[in-house]
Amino acid sequence: MKLFNLENKVAIVTGGNRGLGRAMALALAEAGANVVIVGRDEEKNQQVVSEVQEIGRKAISLSTDLRDVDAIGEMVTTVVEKFGRLDVLVNNAGVSHTGRALEVTEKDWDKVMDLNVKSLFFCCQAAAKVMKEQGSGKIINLASVAGAVGDLGISAYTASKSAVINLTRSLALEWVRYGIQVNAIGPAYIETDMNTEELANPKVRGKIVGKTPMQRLGEPEELAGTVILLASDASSYITGQTIFVDGGWLAQ
């Protein structure tokens, strides 16, 4: 369908070499986009680059340290030099910390906030400078159900994702005049290699599944439809929103 066609669009996916990032990168490629895979592990980056190329799209890998604001600017500059434009930014890179609030250290807190909020903001800013000149662009931030409701043992993470949701609203309002749309996707628990160890605990897995109305965990590929929607003309009148892909988690 033409509305969902991303032919010749250029998309950056941070944290694009595994899990949710990989699934969204491949979905964008299937819809026609050329994709830039950003991650610290070059070998894993190249694996996804190869998968995108097998789909028939162009792809490059960038091993950018997103904690370095200057490096973020260089990342966007490289993409524009390579492809001539930037149409979509998916801010997927992030980290969590599990531990009771009384035990969270300054180092723990800063690690989560630096990547989940600070880096995300400066990625948005760098991309928006290019998109402003183009007169168009789509920015998609990865939030979480944990940004909308509290949960035990992940206080820094919930704070960071709540910040992402409200930052998405603020940037959408500020940049709408430039033709830039800023939205977010808020997953519930999606099974990836990052949480394999945690979910291997039957008690933990049972608690999560039991709290999910659909009585199962999500799969990374189940974000594909939402990311294509928000990256394409199908979402031409949507901005400042967070779409929750949560198996009914927030309907309770």
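In this text, all values refer to a predicted model and were calculated from it rather than measured experimentally.

What counts, and at which threshold
- Residues numbered from 1 in each chain as written.
- Predicted model: local features only at pLDDT ≥ 70, side-chain atom pairs only at ≥ 80, totals over all residues.
- Heavy atoms only, no water.
- Pairing = 2+ DSSP bridges.
- Helix = DSSP H or I, 4+ residues; strand = E, 2+ residues; numbered from the N terminus.
- Axes fitted to C-alpha atoms, helices over the stretch in contact; angles between N-to-C directions.
- Contact = heavy atoms within 4.5 Å.
- Parallel < 35°, antiparallel > 145°, perpendicular 65-115°, else oblique.
- Left-handed = near helix turned anticlockwise from the far one by under 90°.
- Patch = residues over 30% accessible without salt bridge, like charges linked within 9 Å, V, L, I, M, F, W, Y side chains within 5 Å.
- Areas by Shrake-Rupley, 256 points an atom, 1.4 Å probe, with all protein chains shown as cover.
- Salt bridge = Lys/Arg side-chain N within 4 Å of Asp/Glu carboxyl O.
- Phe/Tyr/Trp six-rings, centres within 6.5 Å; stacked < 30°, edge-to-face > 60°.
- Buried < 20%, exposed > 50% of the residue type's maximum accessible area, 1.4 Å probe, protein only.
- Core = buried A, V, L, I, M, F, W, Y, C linked by side-chain atoms within 4.5 Å.
- Right-handed = clockwise from strand over helix to strand, strands pointing away.

**With respect to the sheet that holds strand S6 (residues 180-187)**
An order of S3-S2-S1-S4-S5-S6-S7 is seen for the seven strands of this open sheet, with the pairing classed as parallel. Sheet topology places strand S3 (59-62) and strand S7 (242-245) at the edges, where each strand pairs with a single neighbour. Between one strand axis and the next, the sheet turns through 15 degrees on average, direction left out of account. With three bridges connecting them, strand S1 (residues 10-14) and strand S4 (residues 88-91) associate as parallel partners. Directly across from Val 13, in S4, lies its bridge partner Val 90. Together, S4, strand S5 (137-142) and S6 form the strand contacts of helix H4 (residues 106-134), whose direction differs from that of S4 by roughly 175 degrees. Relative to S6, helix H5 (residues 155-175) is tilted by about 160 degrees, and along the sheet it contacts S5, S6 and S7.

**A closer look at the packing of helix H1 (residues 19-30) against helix H8 (residues 224-231)**
Viewed as axis vectors pointing N to C, H1 and H8 meet at an angle of 55 degrees, and their least axial separation amounts to 9 Å. Comparing their axes, H8 and H1 come out oblique. For the crossing formed where H1 meets H8, the hand is right-handed. Of the residues in H8, those touching H1 at Met 24, Ala 27 and Leu 28 are Ala 224, Val 227, Ile 228 and Ala 231.

**What to know about a nonpolar patch on the surface**
Taken together, the side chains of Met 1, Leu 3 and Phe 4 present a nonpolar region at the surface, about 330 Å² in accessible area. Summarising the element assignment, Leu 3 is placed in the segment before S1.

**Side note on the packing of aromatic side chains**
Enumeration over the complete set of coordinates arrives at two aromatic pairs. Between Phe 121 and Phe 122, the aromatic rings sit 5.0 Å apart at their centres with planes inclined by 80 degrees, giving edge-to-face as the arrangement. Of the residues examined, Phe 121 reaches a relative accessible area of 26% and is grouped as partly exposed. Its relative accessible area of 24% is what places Phe 122 among the partly exposed residues. The interplanar angle of 45 degrees and the centroid separation of 5.6 Å between the aromatic rings of Tyr 189 and Trp 249 together place this pair among those described as tilted. Here the residue Tyr 189 occupies a position in the loop between S6 and helix H6 (196-199), and Trp 249 occupies one in the segment after S7, the gap between them amounting to 60 residues.

**What about the nonpolar core?**
Counting residues in hydrophobic clusters, the biggest one holds 38 residues, and the most contacted among them are Ile 12 and Met 75. Listing elements by their share of this core, those giving two or more residues are S1, strand S2 (34-38), S3, helix H3 (69-83), H4, H5 and S6. Considering each element in turn, this core owes the most residues, ten residues, to H4. When sequence neighbours within four positions are dropped, the list of residues in contact with Met 75 reads Ile 12, Val 38, Leu 62, Thr 64, Leu 66 and Cys 123. Core analysis: the second largest hydrophobic core is formed by 31 residues, Val 13, Ala 31, Ala 33 and Val 227 among them.

**Some words on the pairing of S6**
With eight of eight residues buried, S6 is to be regarded as a mostly interior element. Here six bridges tie S5 to S6, and the two strands are oriented parallel to one another. Within S6, the position partnered with Gly 137 by the bridge is Ile 180. One crossover worth recording links S5 to the parallel S6 by way of H5, and it is right-handed.

**Description of the pattern of salt bridges**
Across all of its chains, the model carries seven salt bridges by this definition. Arg 40 is the partner of Asp 65 in a salt bridge, and the nearest nitrogen-oxygen pair spans 3.8 Å. In this pair, Asp 65 sits in the loop between S3 and H3 while Arg 40 sits in the loop between S2 and helix H2 (42-55), placing the two residues 25 residues apart along the sequence. For Arg 40, a relative accessible area of 55% translates into the label exposed. One salt-bridge network, in which partners are shared between bridges, spans Arg 40, Asp 65 and Arg 67.

**What to know about unusual backbone geometry**
Positioned with a positive phi, Asn 8 is a non-glycine residue whose angle comes to about 70 degrees. Positive phi values are uncommon outside glycine, yet Gln 215 reaches one of about 60 degrees. When you line up the elements, Gln 215 lands in the loop between helix H7 (202-211) and H8.

Limitation: the analysis is restricted to geometry and does not speak to function.
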